[in-house]
Structure formats: structure tokens, C-alpha cells
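# Secondary and tertiary structure notes
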Amino acid sequence: MDKAQIGIMIAIVFYLAIVVIIGAVYSRKTKNVGDFYLGGRKLGPLVTAMSAEASDMSSWLLMGLPGVAYLTGVADAGWTAIGLAIGTYFNWLIVAKRLRNYSSQIDAITIPDYFSQRYRDEKKILMAIAALVIIIFFVPYTASGFAACGKLFGTLFGIDYHIAMVVSAVVIVGYTTLGGFNAASTTDFMQSIVMTVALFIVLIFGVISAGGIGAVIDNAAALPGYMGLTDIYNPETGEAASYSALTIVSTMAWGLGYFGMPHILLRFMAIENPRKITLSRRVATVWVVISMAVAVFIGVVGLGMVNNTQVLEPLADSETIIIRIATLLSQKGAFFSILAGTILAGILASTMSTADSQLLAASSSASENLLGGLFKLKLSETSKMVVARVTLILISVVGVILAWDSNSNVFKIVSFAWAGFGASFGPVMLLSLFWKRSNKYGAIFGMLTGGAMVFIWKFIIAAKVGGILAIYELLPAFICGLVVNIIVSLITKKPDDEIVTEFEQVQDMSKAN
């Protein structure tokens, strides 16, 4: 290794050591599965806000989003960011407090558990379906995080992709298995800070290297459709292509996904004081807007560095743009190599902060909801903790196997899993919180319809029919899931009086605090 690589390695190793220590500290405070999966509902407002958003903004924030902007310009990445910003705000505004109060009222510690108890699903069918949905979509989502780590270390140090990916997975699994939810949330809070620092260092250095803001803007403006919101730049032809109104709407539909994201919804359930959710919402929304705007602009800056100054060679993989900029920074001296290490630790942080939360959600679904809820295995608290940790490790192994292909695309994997959760859980979550007439039959069929339509739309309708129907699968799948849920609820038996009374009590509680 040269001096620059040594400086980068020091920063990354220091960061990894901290997260493992945090996991070890919280392992002593994790006494039962309630602590392991929900932290005993003791998260403060700042940790809640930043851990929720850090677990949301996975490696696609520092790799996928800048990569899209670098290739095709502002429109695709920009409308995605706008949709996510709106979704973030409304998720905190209308879901957070109600879900916290409802889940506490019925003593639910996982999302499948919440759905099952909310609708009094005694046969646990709804719980089993929800748990399977989480496993189906979270395992590949987690795999995308492992793949991002493999790309990071492979690009930086010339380490074999598979070795780098496995080592990264071991570290993530290590601190999450030790400390559970509290360790994941605390490290996520720290990781959000590292991610923020990384974004701004890259932005400032990139702008300077590209010849200044004026040069960056001039370069982008010279490319047809690159800076527009109604056109998209085609890097293969060098021409602009139309970005239709329907495409804009479907791209903004990314925001609908928030209503069904288990790893974010779990943060709402874990909030210690519902009265402080307003503070959490403001912090989370501001951070999301700023971080995504900077990430998109970094893609624009990166292309300026290639075209204006040739300090960067054209990228074979656009998702490595920040890694390339950080590598360039590391060559400026010892101090700058440490800064570059901070940037790359930020990429690692964005990946780890999502992967740890996803592992917990998938593990809880397999151990708590399938083994304990559906198959009714009676285990002691100690045995439950062992099962929870073993399940987490097994799911990680599957994730590593799925991430074995070094050519996997982080943005595409994340977008599909995001659609899966948004369409499966989003309509059910909203109706469970706001419509007392909804019942378990509507929830079951709505969840199945939303999840199935994600596959049908992406692989059959959009792929085979195409044309105006070649839109992001989340929007049509979400609508189908919502409509089916409402129709089935209306044509089947009304909820029992006990369920309705409980619903009204939670509504009153949410208004009071």
C-alpha cells in the first residue's frame, strides 16, 4: 500500500472499531427480544430521526443517486429525490405518532406482529405473509449493501471483491448480533453524521477540481437535457430524450415506499416520547432534503471533473463516482488521505446503517413471527435471544450468496425492494391507522396483491408491453394493493366492536399527545 491508501485504511479501521465497540456495549443492555428488536421503546428524538434516515439512505445515497445523476442528468435523480423528500415528511407527519401509540397499545414489537394484533388474526395468516414479504425483499436489499462494500474495498485497495464483501458482512453482522436494535440505532446516528461530512467534503473538493461552480454548470448546460426536469440526457447518443409527465409521477412515487418500510416504521414504534416526534420530523426532513440535493449535485460535479479538467477518467461504473473522487483527494497528502478515508467511511456507514436495520427486521420476521407466532414454539427468553441471533447470521449468509455477483447494480436492487415493501405494506399500514372499517381480509388480499403486482408489472407489463406502461412498478402496485384492500374490506365482515373501540382509543391518544 502507498501512503494515501494507508491513511484511508486508518480512518476506515478506526470507524469500524467504533461500531463494533458500540455493539459490545449494548450487548450488556440487551436482556430480551423486546430490547433486541425494539430497544425497549427508549429512543430519543434525535437518535430516532437520524437513525431512521440513515437506515433509509443506504449505499444508494452515496453511490446509486450520484451515479444516476452522473449518467443521465438531473431529471431522473432529481424527481426521485423530490418524491423521497415529500414521502419522508408525510411519513413522519401522519404515520409516526399513530403507529407508536397503536403498537404500544397492543404491545407489538415487529411490523408483522402489529398487523396481526391490530386485526386480531388468531390464525396468524397475516403475520406469516408479512414475515415472508420482509424476508423476500430484505434479503436481496441487504445483499445490495454487502455488494456495495465489496465494490468499495475492491476499487480502493485492489482487494478481491468477494473477500472484501464477506469481511464487511462479518463486521455488520458482528455489532448487530451483539447489541441488537439499540446498537443499530446508535451506530446509525453516528453514521448519519459521517455520511453528512463525507457528502460535503466530496462536494467542495469536486467543485474545486472541476474548475469552480461556473465551470460545472456550463459543462452540464452544454449537454442536451442534462439539467432539465422534463428531459433526460442519453449518454450513448449525446441527445436529450423526453421525460414524460407519467414518468415524473411514477418516479416521484418513490415517496410512497416510506409508508411500508419496516426498518423505518420500527423506529417510529421505538420512540420513547410521542410528544417529541415533531422535533424528529423536522430534523429528519431537513437532513434528507440537504443530503439528497448534495448527492445529486455530486453526480453533476463528477461529470464536470471528467469533461472540464480530465482529472478523472470516464467511469466504467458510474456508481463509483464518489470513490474515484475520494481516491483523487487522498493523493494530495497525509491529511487529505484521512479526509478521503472519512468519505469512504461515509459510504461504508450508509451501507451498514441500512444493512443492520434490514437484518434485524428480517431476523425478527423469521424467529419471532414465523417460529414463535405461526409455529408457536415456546422458548425461554434466553432461547429466544439465541434463536434471534442465529437467525440473523443465517439470513446474512444468504445475503452474501446473493451478493456474490460483482456486477450487481445497487440502485436497481434497492429500487425493486423499495417497491416491494411500499406496495405490500404501505396501503395496509395507512388503512390500519386511518380507517376503522378495514379488516384482516382486506389486509391479507391487499398485501398479496401489492407484492404480486410489483413482480407482474416489472417483469411482464413493463418489460413485455413497454411504451407508456414502462413506469416504476411501485405506483401501479401501490394503487392495486390499496383498491383491493378497500374492496375486500367492504364486502366482508365488519371488524368486531373490540377492534373498533381500540382503534378509536388510539385515535384519541394520538390527538392528545
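Look a little higher up for the structure.
All of the points below concern the structure found in this document. (Residues numbered from 1 in each chain as written. Predicted model: local features only at pLDDT ≥ 70, side-chain atom pairs only at ≥ 80, totals over all residues. Heavy atoms only, no water.)

Take the environment of Gly206 next. Note that Gly206 resides in helix α8 (residues 161–209). For Gly206 and Ala326, which are 120 residues apart along the polypeptide, the C-alpha to C-alpha distance reads 9.2 Å. Those residues in contact with Gly206, other than ones at most four positions away along the chain, are Val301 and Met305. (Helix = DSSP H or I, 4+ residues; strand = E, 2+ residues; numbered from the N terminus. Contact = heavy atoms within 4.5 Å.)

This next bit is on the pattern of salt bridges. Evaluated as defined, the whole model comprises 4 salt bridges. The salt bridge involving Glu504 is made with Lys436; its shortest N-O contact spans 3.0 Å. Of this pair, Glu504 sits in helix α19 (residues 497–512) while Lys436 sits in the loop between α16 (410–434) and α17 (440–465); the two residues are 68 residues apart in sequence, bridging distant segments of the chain. Classification of Glu504 by relative accessible area gives partly exposed; the value is 35%. A residue is classified by how much of its surface remains accessible, and Lys436, at 39% relative accessible area, is partly exposed. Of the charged contacts in the structure, one is a salt bridge between Lys493 and Asp496, with a shortest N-O distance of 3.9 Å. (Salt bridge = Lys/Arg side-chain N within 4 Å of Asp/Glu carboxyl O. Buried < 20%, exposed > 50% of the residue type's maximum accessible area, 1.4 Å probe, protein only.)

A word on the environment of Tyr114. As for its position among the elements, Tyr114 is in helix α6 (residues 111–118). Counting along the chain gives 12 residues from Tyr114 to Tyr102, while the straight-line C-alpha distance between them is 8.3 Å. Contacts of Tyr114, omitting those with residues within four sequence positions, involve Leu99, Tyr102, Ser103, Ile106, Ala108, Met429, Ser432 and Leu433.

Time to look at the pairing of strand β2 (residues 239–242). Two strands pair when backbone bridges link them, and strand β1 (residues 231–234) and β2 are joined in this way by 4 bridges, in the antiparallel orientation. Residue Tyr233 lies in a different strand from β2, and its bridge partner there is Ala240. Hairpin connection from β1 to β2: 4 residues lie between these consecutive antiparallel strands, with Gly238 at a positive phi of about 75°. (Pairing = 2+ DSSP bridges.)

A word on the packing of α17 against helix α18 (residues 474–491). Two numbers describe how α17 lies on α18: the axes approach to 7 Å, and their chain directions differ by 155°. If you check the angle between α17 and α18, you find them roughly antiparallel. Note that α17 runs across α18; the crossing there is right-handed. Along the contact surface, α17 presents Tyr441, Gly442, Ala443, Phe445, Gly446, Thr449, Gly450, Met453, Val454 and Trp457, while α18 presents Pro476, Ala477, Cys480, Gly481, Val484, Asn485, Val488 and Ser489. Within the contact of α17 with α18, the residues separate by chemical class into 11 nonpolar, 7 polar and no charged. (Axes fitted to C-alpha atoms, helices over the stretch in contact; angles between N-to-C directions. Parallel < 35°, antiparallel > 145°, perpendicular 65-115°, else oblique. Left-handed = near helix turned anticlockwise from the far one by under 90°. Nonpolar A, V, L, I, M, F, W, Y, C, P; charged D, E, K, R; others polar.)

The analysis is restricted to geometry; functional conclusions fall outside its scope.
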